[in-house]
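Letter by letter, the chains look like this.
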Amino acid sequence: MINKGDKIPEVNLVKATAEGPQQVSSSEYFAGKKVALFSVPGAFTPTCSAKHLPGYVEKADELRAKGVDEIACTAVNDAFVLQAWNDRDGSEAVTMLADGNGELASALGLEMDGSGFGMGQRGQRFSLIVNDGTVEEVNVEAPGDFKVSAADYMLEQL
């Protein structure tokens, strides 16, 4: 599993934008800025839509005031699903990074098996503070919990 002080592994992600999907490498995306990254098991799922994404939208200005340059959400979904979810529940304050094949979740050692819920392999619920590609904080939720990956918790760490 990824630890404080580790570099974000090199994987390809897809940035969801209003203009359509854009390929981006993790090394390029995280270079030269402080990113508040949070991961959800899936777009449009109950806790993710009711609490996780809205919390980061609501706290975006506070996160930026504490030195965060960008807020990003990742999920093992495709860029079209993430863009639709952001259009419905998010805002321009959150960048959606599709990890459609689960490569980032796997490279971080934070994958989970959601087969029991018909979801297949997914990423766990977690958050990271990444500064110029180096992980400064790692917050991984226990199964079924929503505490340490929340925007409020991250604000306390900054």
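Relevant structure appears above.
Notes on the structure follow. Everything numeric in this text was worked out from a predicted model, so none of it was measured. (Residues numbered from 1 in each chain as written. Predicted model: local features only at pLDDT ≥ 70, side-chain atom pairs only at ≥ 80, totals over all residues. Heavy atoms only, no water.)

As a further point, take the overall build of the chain. A count of helical and extended segments in the chain gives six helices and nine strands. The globule rule puts the C-alpha radius of gyration for 158 residues at 15 Å, and the 14 Å found for the chain is close to it. Taken over the C-alpha atoms alone, the chain extends approximately 40 × 30 × 30 Å along its principal axes. Here the chain, with 158 residues, has 51% of them falling under the buried criterion. Nonlocal contacts in the chain, meaning residues at least 24 apart in sequence, comprise 62% of its contacts between residues at least 6 apart. (Helix = DSSP H or I, 4+ residues; strand = E, 2+ residues; numbered from the N terminus. Rg over C-alpha atoms; globule rule 2.2 N^0.38 Å. Buried < 20%, exposed > 50% of the residue type's maximum accessible area, 1.4 Å probe, protein only. Contact = heavy atoms within 4.5 Å.)

Let us now look at helix α4 (residues 79-89). Taken together, the buried positions of α4 are occupied by A79, L82, Q83, W85, N86 and D89. Here the buried residues of α4 occupy an arc of 160° about the axis, which is enough to place them on one side. For α4, exposure combined with an orientation more than 90 degrees from the buried face picks out F80, D87 and R88. In this fold, the buried residues of α4 make contact with β1 (12-16), α2 (46-58), β4 (70-75) and β5 (94-98). Where α4 begins, the side chain of D78 points an oxygen toward the backbone nitrogen of F80, at a separation of 2.9 Å. (Arc of directions from axis to C-beta. Polar contact = N/O pair within 3.5 Å; in protein donor to acceptor, adjacent residues only side chain to side chain.)

F38, I71, L82, W85 and M96 are the most contacted members of the largest nonpolar core, which totals 26 residues. Other than its neighbours up to four places away in sequence, M96 contacts V14, K15, A16, L53, C73, L82, W85 and N86. One finds V24, A72, F126 and V130 within the second-largest nonpolar core, a separate group that totals 18 residues. (Core = buried A, V, L, I, M, F, W, Y, C linked by side-chain atoms within 4.5 Å.)

Our focus in this paragraph is the side chain of S149. Structurally, S149 can be placed in the loop between β9 (134-140) and α6 (151-157). Given a relative accessible area of 0%, S149 falls into the buried group. Among residues more than four places away in sequence, those in contact with S149 are F38, H52, Y56, R125, F126, S127, N139 and E141.

Right, let's talk about the pairing of β9 for a bit. Side chains on a regular strand alternate between the two faces of the sheet. Here strand β8 (residues 126-131) runs beside β9; their pairing, made up of six bridges, is antiparallel. Residue pairing in the sheet places L128 in a bridge with V138 of β9. Count of turn residues in the β8/β9 antiparallel hairpin: two residues, of which D132 carries a positive phi of about 50°. (Pairing = 2+ DSSP bridges.)

Pairs can form between side chains of opposite charge once their charged atoms are near each other. For the structure on display, the rule yields seven salt bridges. The salt bridge involving E136 is made with K34; its shortest N-O contact spans 3.5 Å. Within this pair, whereas E136 is found in strand β9, its partner K34 is found in strand β3 (residues 34-39), the two being separated by 102 residues in sequence. Assessed through its relative accessible area of 18%, K34 is described here as buried. Each of the salt bridges in this network shares a partner with another, and the network as a whole consists of K59, E62 and D152. (Salt bridge = Lys/Arg side-chain N within 4 Å of Asp/Glu carboxyl O.)

A few words now on the environment of V24. Summarising the element assignment, V24 is placed in strand β2 (residues 22-25). As a C-alpha pair, V24 and E103 span 79 residues in sequence and 13 Å in three-dimensional space. Contact partners of V24, with chain neighbours within four places excluded, come to V11, N12, L13, K15, Y29 and L97.

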